[in-house]
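# Understanding the architecture of this molecule
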Amino acid sequence: MLDIKDTAPEQDFADPIAGDPRNFAAAVNNWVPHDIVLKDAWFPLAHSFAVVDKPARRSVYSQPFYLWRENGVAVAAEFHPNDTDPTDKSDFSDAAGRYPVLEHYGYVWCWFGNPANADPAHLPSIPYLPAEGNLPKHMLGTVRFDCTAPLSLENLIDLTHADFLHADVVGDEKMDKEVVEVFYDSETITMVRRCTNKSVAPIMKWFGGVKSDVQQVRQVIRIYLRSHAAIAYGRFSPGDNVQLFHPCVPETRDRTRLDYAMNTSNVKKSNLFRYLMPKASYKVSRQDSTMTSPQSPRYMNPETRKDLHSPLDEAGQKYRVLMTALAERQARGDFAYRDNVSADCSEIIGYDGK
Amino acid sequence: MTEDVWWAVARSEEVTGDKPINIDIGDQPVVLWRDKDGFVRALEDRCPHRRAPLSLGCVLASGAIQCGYHGWTYDGESGRLVDIPNLKGEQKYPPIYRAVPFAVSEGGGFVRICLNAKAAAPVSPTTETLPLSGTENVSLSHEHLIAALFDDPALVIAIKGVHYTPYLMSELAEQNGKLVLERSCQWKSPHWPAPFSSDFPITLRIGTDPVTGETDLLLRDNAFNTLLSATVAPVPAARGVTQVRWRAKLGSTRPGLMAKMLGFGTPFRILPSVNGAALRTLKPSASIHAAALREEIRSHQAAAHNVAA
Ligand code: FES
Ligand SMILES: [Fe+2]
């Protein structure tokens, strides 16, 4: 699984979404997320505060990553420093067993793939996380999902589920109008959902000081495909904006680790919402898990029966097709980034710095 | 597992309109609920949208089931999609938009389903609803559970105060399409050991469906009073577990102290776990004949079918 073939990056690349609709449908319906292992990507393996002098263990697709600090600088290695008999070193680390590491946005990012291709230019842009991190700990947390990472992301990018599964936190499906738009390139997919006069999220009603019964909502989910990392940005009026970074690290092909950062520094210090909203992840993630956990084994092998779709599934379908296209490209030995993931995406997600 | 078999997968009281329940027949997960007219509905417990279990959803006032993930709503009888709440306005969905429906029949306090939605209703569903009932998940496969019932019922069922002897009044034989045997029993009160007893006070008659293993039990004394009757319905569930539903009734005439005592506490139980040491060394006796008898019954039925056709 972990071999590196690095050949001919310059091959023809056809937009898998704009092409023949039959190919699109086939890719949507042949979706076996457990079979997709993408390489050459930065993964946010730990919050900066979690990396200390004593090594912490993480994994990406079962590949071991030990993280610790040497003179304050984060390092990542394939073997524990106390491992006296390290054997079977992979091609993912250098001769000394070290991986490429970056520290940014309050995370320690490690490169999974060919170390020669590690480049800070492939680090996802997250406009509302301070570059140096340093968010207070109450805005950070870890939750886990008993499912394959792409299912967690497919769950996230399809927000109609929130009206049913998370109704008690974010409000139900009652609204006047819902418009979903999807933008993509070869490395990212961005979904924008606009809801007119939607039932107010209970959490905002009870703790966020929102008095009205309905609110105007604009939610953006942007996924960095290779890094399995997502931005979840919500603008609510009335109400405070929600700035969540939601990385889904595939620790194994069937288990996902989410070290989240919910930056609520935009919310007034006197407002309870600032402290409670980040904690909502514990509840929301358990609700998601009730569905994604039983779903996961049902996506482990090819299925002869096609999933049924509605027009609201556009984003999820395109996510499947883009992931499949990347996997196919990598299978042909093409690991190049064709689009820049580190360019500031504020405009794309509609973030104005407030 | 043939498609046209009817399995007693629930007791009537377990299926309500409040919350759907999940059962399985082998590897086939099934969701059950009761609609607004009181009919039990059964669909594959897998939403065709994103494969979430429908049993995690809810029953709407209309009697339809709504998936808990994105709210797709299905009609219980046909399995057809009737609503996607987020798609505002009236929608028409093509017929392939549906969950797989199964046939349902309810009678005698049991809900039976057949994986073939077009199957004809079962021939003779029990009509009387026996008042005592229970459900147990037994960590023993369907096949082995039935074999143990034939060879030593003590490993799988407990009837209050009853000790099963190894001696049969009649060996396993075919009777009206069922596998029937009658076993001599003793009360668990001071008595001669079974090998030295000339007569036994009670017998347990077992009549088992050759395919489903659904079994009628009859405990009688030597004056031919029925002390207890019961129906035990084992269904092969996931991971080799057998889900057992049972219903029972005490006889009205129960002479003698031990027979009277049956009416206090718990007269009948299915054991949730099996004594592995005892099971491993259990000598196969009646169960040895079962395979041959099942084959015989099958060929009789096939012949009868051919004559009819
Ligand atoms: S999985 Fe059931 S509605 Fe989406
Ligand atoms: Fe969710």
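Bear in mind the structure is a predicted one, so any value in this text is a computation, not a measurement.

### Re the overall build of chain B
- Scanning chain B for helices and strands turns up 4 helices and 19 strands.
- Taking the principal axes of the C-alpha coordinates as reference, chain B spans close to 80 × 50 × 35 Å.
- When burial is assessed residue by residue, chain B has 51% of its 309 residues classed as buried.
- When the accessible surface of chain B is summed, it comes to about 14,700 Å², and 55% of that surface belongs to carbon and sulfur atoms.

### Digging into the sheet that holds strand β3 (residues 28-34) of chain B
All names here are of chain B.
- Judged by pairing direction, the sheet is antiparallel, and its 3 strands sit side by side in the order β2-β3-β4 without closing on themselves. At either margin of the open sheet sits one strand with a lone partner, and together these are β2 (21-25) and β4 (40-44). For this sheet, the mean inter-axis angle between neighbouring strands, taken without regard to orientation, is 35°.
- The pairing of β2 with β3 spans 5 bridges and is classified as antiparallel.

### Examining unusual backbone geometry
All names here are of chain A.
- Residue P238 follows S237 across a cis peptide bond; omega there is -5°.
- Even without a glycine there, the phi angle at D88 is positive, about 55°.
- Within the secondary structure, D88 is located in the loop between β4 (73-77) and β5 (101-104).
- According to the relative accessible area criterion, D88 is exposed, its value standing at 71%.
- Positive phi outside glycine occurs at H228, with the angle close to 50°.
- Taking the relative accessible area as the measure of exposure, H228 reaches 0% and is therefore buried.

### Focus on helix α2 (residues 149-157) of chain A
- In terms of burial, α2 of chain A is a largely internal element, 9 of the 9 residues being buried.
- Looking at α2 of chain A, one finds that the buried residues are A149, P150, L151, S152, L153, E154, N155, L156 and I157 of chain A.

### Focus: the nonpolar core
Residues and elements named next belong to chain A.
- Ranked by internal contacts, the top residues of the largest apolar core, which has 52 residues, are I189, I203, M204, I221, I223, L225 and Y319.
- It is helix α8 (residues 314-331) that contributes the most residues to this core, 6 residues altogether.
- Residues within four places of Y319 in sequence aside, it is in contact with W31, P150, L153, E154, I189, I223 and L225.

### A short note on the coordination of the iron ion (ligand 2)
All names here are of chain A.
- The iron ion (ligand 2) binds to the protein through H161 (NE2), H166 (NE2), D288 (OD) and D288 (OD), with metal-donor distances spanning 2.2 to 2.4 Å.
- Note that the iron ion (ligand 2) binds 4 donor atoms; their angles at the metal cover 58 to 146°, and the shape is irregular.
- In primary sequence terms, the donor set of the iron ion (ligand 2) follows H-x4-H-x121-D. Like H161, the residue H166 is buried in the burial classification.

### What to know about the domain arrangement of chain B
Residue and element names in this part refer to chain B.
- Here chain B is partitioned into domain 1 (6-114) and domain 2 (132-302).
- On the side of domain 2, 18 residues touch domain 1, which itself brings 17 residues to the contact.
- Interface area, domain 1 with domain 2, both sides summed: about 1,300 Å², of which 53% is carbon and sulfur.
- Summed over the three residues of domain 1 that lose the most area to domain 2, namely W7, R11 and F110, the buried surface amounts to 41% of that side.

### Quick word on the domain arrangement of chain A
All names here are of chain A.
- Its domain assignment divides chain A into domain 1 (39-135) and domain 2 (139-349).
- Between the C-alpha centres of domain 1 and domain 2 there is a distance of 25 Å.
- Taken together, the 30 residues of domain 1 in the interface contact 37 residues of domain 2.
- Buried area between domain 1 and domain 2, both sides added, is near 2,700 Å², and the carbon and sulfur share of it is 63%.
- Together, Y61, Y128 and L135 form the three largest contributors to the area buried by domain 1 at its contact with domain 2, with a combined 26%.
- Where domain 1 touches domain 2, the interface holds 0 salt bridges.
- For the pair domain 1 and domain 2, the interface holds 20 residue pairs in polar contact (both at pLDDT 80 or more).
- Every element with two or more residues in the side of domain 1 that touches domain 2 is listed here: β1 (41-47), β2 (56-60) and β6 (107-112).
- Looking at the side of domain 1 that touches domain 2, the element that brings in the most residues is β1, giving 7 residues.
- Tallied by class, the residues present in the side of domain 1 that touches domain 2 amount to 22 nonpolar, 5 polar and 3 charged.

Each value, and the rule that gives it
Residues numbered from 1 in each chain as written. Chains lettered and ligands numbered in written order. Predicted model: local features only at pLDDT ≥ 70, side-chain atom pairs only at ≥ 80, totals over all residues. Heavy atoms only, no water. Helix = DSSP H or I, 4+ residues; strand = E, 2+ residues; numbered from the N terminus. Buried < 20%, exposed > 50% of the residue type's maximum accessible area, 1.4 Å probe, protein only. Areas by Shrake-Rupley, 256 points an atom, 1.4 Å probe, with all protein chains shown as cover. Pairing = 2+ DSSP bridges. Axes fitted to C-alpha atoms, helices over the stretch in contact; angles between N-to-C directions. Core = buried A, V, L, I, M, F, W, Y, C linked by side-chain atoms within 4.5 Å. Contact = heavy atoms within 4.5 Å. Donors = N, O, S within 2.8 Å, 3.2 Å for Na, K, Ca; no water. Tetrahedral: all angles 85-135°; square planar, octahedral: opposite > 155°, others 65-115°. Domains from an automatic or database assignment. Buried area = accessible area lost by both parts, 1.4 Å probe. Salt bridge = Lys/Arg side-chain N within 4 Å of Asp/Glu carboxyl O. Polar contact = N/O pair within 3.5 Å; in protein donor to acceptor, adjacent residues only side chain to side chain. Nonpolar A, V, L, I, M, F, W, Y, C, P; charged D, E, K, R; others polar.

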